[in-house]
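Letter by letter, the chains look like this.
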Amino acid sequence: MLCGMFLAASASAGFFGSTCLFPSAIWARQTDPAKPVVVQPGAPGKPSRTLPPSTRATLPPRSQADVEFMQGMIMHHSQAVEMTALIGSHTENKDLRLLGARISSSQSDEIKFMRRWLAAREEPVSMAAPGMPGMDMSREPMGLMPGMLTPQQMEALRKSKGAEFDRLFLSGMIQHHNGALTMVKDLFDTAGTGQDAEMFGFATDVDTGQRAEIKIMQTMLEQKHLEEKR
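Residues numbered from 1 in each chain as written. Predicted model: local features only at pLDDT ≥ 70, side-chain atom pairs only at ≥ 80, totals over all residues. Heavy atoms only, no water.

This part is about the overall build of the chain. When its secondary structure is counted, the chain shows nine helices and two strands. Starting at the N terminus, the α and β elements of the chain follow one another as α-α-α-β-β-α-α-α-α-α-α. Residues counted as buried form 37% of the 230 residues belonging to the chain. Long-range pairs, those at least 24 residues apart, make up 74% of the contacts in the chain with a sequence separation of at least 6. Working note: accessible area of the chain is about 13,800 Å², and carbon and sulfur atoms make up 59% of it. (Helix = DSSP H or I, 4+ residues; strand = E, 2+ residues; numbered from the N terminus. Buried < 20%, exposed > 50% of the residue type's maximum accessible area, 1.4 Å probe, protein only. Contact = heavy atoms within 4.5 Å. Areas by Shrake-Rupley, 256 points an atom, 1.4 Å probe, with all protein chains shown as cover.)

Written out as structure tokens, the structure reads:
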């Protein structure tokens, strides 16, 4: 309608071509994907400011201990997922199956997060050498993170069935989870670590989640001991 009125008023001057297309030109410039608008919010009481399109976000600082924590925890979580994969064929315990599904799901998701975190910082997924700065690895077999089951323990778990599997799984996963708590403690005891908000939040969640699961597994193990005594 508006364009028709402009046409009737000034067709002889060619006003239609210059006016009706003008709003479209403005819209095109405002939505041009080749020229993104980067706005930096101002401090309280201060105006925001527009930054050049070439502006790139920078990742928060991280230490080598942060990187090695993530690399080590990927290895640690991977063994836990391997342990839970045995449940379906080794026990009919419904409670243990539910717990195993929970552990498998959460730790698989966390492995994906840790891989993304390392990739974003162009760091390898695997550690160059076992251990982390400030961590006493003398009590652990070479190549294992704290709490990880030894090859002998894993073999015993694979060979067990039923109630024996339940007992070995629960005691082994409690050991495994306690090792994760040690890794988190060692990380935060190391100067300059955890400055990355994602890293801090993740490590804190690992500590909280695994403490809760340890309590659940301790209760399940105590119940099994009571059942065996009857």
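Attention now goes to the side chain of His176. Position of His176 relative to the elements: it lies in helix H8 (residues 162-188). The contacts of His176, once residues within four sequence positions are left out, are His76, Gln79, Ala80, Met83, Pro146, Gly147, Met148 and Leu149.

Applying the stated criterion across every chain yields a total of four aromatic pairs. Between Phe188 and Phe200, the ring centres sit 5.5 Å apart and the planes meet at 50°, which makes this aromatic pair tilted. Note that Phe188 is positioned in helix H8 and Phe200 in helix H9 (residues 197-229), a separation of twelve residues in sequence. Taking relative accessible area as the criterion, Phe200 reaches 45% and is therefore assigned partly exposed. Members of the aromatic cluster, each reached through a chain of ring pairs, are Phe69, Phe113 and Phe202. (Phe/Tyr/Trp six-rings, centres within 6.5 Å; stacked < 30°, edge-to-face > 60°.)

The next subject is the pattern of salt bridges. If you walk through the whole model with that rule in mind, you get eleven salt bridges. Note that Glu92 is salt-bridged to Arg97, the shortest N-O span being 3.7 Å. Looking at Arg97, the relative accessible area reads 34%, which means it is partly exposed. A salt bridge links Arg211 to Asp207, with the nearest nitrogen and oxygen atoms 2.8 Å apart. Taken together, the positions of Arg211 and Asp207, both in helix H9 and four residues apart, correspond to about one turn of that helix. Given a relative accessible area of 45%, Arg211 falls into the partly exposed group. Each of Glu82, Glu155, Arg158 and Lys159 takes part in a single network of salt bridges with overlapping partners. (Salt bridge = Lys/Arg side-chain N within 4 Å of Asp/Glu carboxyl O.)

Before going further, it helps to spend a moment on the packing of helix H7 (residues 151-159) against H8. The interhelical angle for the contact between H7 and H8, taken along N-to-C directions, is 150°, at an axis separation of 9 Å. Taken together, the axes of H7 and H8 lie roughly antiparallel to each other. Of the two elements, H7 crosses H8, and the hand of that crossing is left-handed. Residue-level contacts link Gln153, Ala156 and Leu157 of H7 to Phe165, Leu168, Phe169 and Gln175 of H8. For the contact of H7 with H8, a count of residues per class yields five nonpolar, two polar and no charged. (Axes fitted to C-alpha atoms, helices over the stretch in contact; angles between N-to-C directions. Parallel < 35°, antiparallel > 145°, perpendicular 65-115°, else oblique. Left-handed = near helix turned anticlockwise from the far one by under 90°. Nonpolar A, V, L, I, M, F, W, Y, C, P; charged D, E, K, R; others polar.)

What follows is about unusual backbone geometry. For Glu122, which is not glycine, the phi dihedral falls at a positive 55°. Mapped onto the elements of the fold, Glu122 is located in the loop between helix H6 (94-120) and H7.

The end-to-end C-alpha distance of H9 is 48 Å, a good match for the 48 Å that 33 residues give at a rise of 1.5 Å each. For H9, every residue scored as buried is listed here: Met199, Phe202, Ala203, Val206, Asp207, Gln210, Glu213, Ile214, Met217, Met220, Leu221 and Lys224. Each element contacted by the buried residues of H9 is listed here: helix H4 (64-84), H6 and H8. Sitting at the amino-terminal end of H9 is Asp196, which places a side-chain oxygen 2.8 Å from the backbone nitrogen of Glu198. (Expected span 1.5 Å × (residues − 1). Polar contact = N/O pair within 3.5 Å; in protein donor to acceptor, adjacent residues only side chain to side chain.)

This part is about the nonpolar core. Core analysis: the biggest nonpolar cluster contains 22 residues, and Phe69, Met70, Met73, Met114, Trp117 and Phe202 have the highest contact counts within it. For this core, the secondary structure elements donating two or more residues are H4, H6, H8 and H9. Setting aside residues up to four positions removed in sequence, Met73 forms contacts with Met114, Ala180, Met183, Phe202 and Val206. In this structure, Leu96, Met154, Phe165 and Phe169 belong to the second largest nonpolar core, which totals 20 residues. (Core = buried A, V, L, I, M, F, W, Y, C linked by side-chain atoms within 4.5 Å.)

Fair warning: the whole summary comes from geometry, so function is off the table for now.
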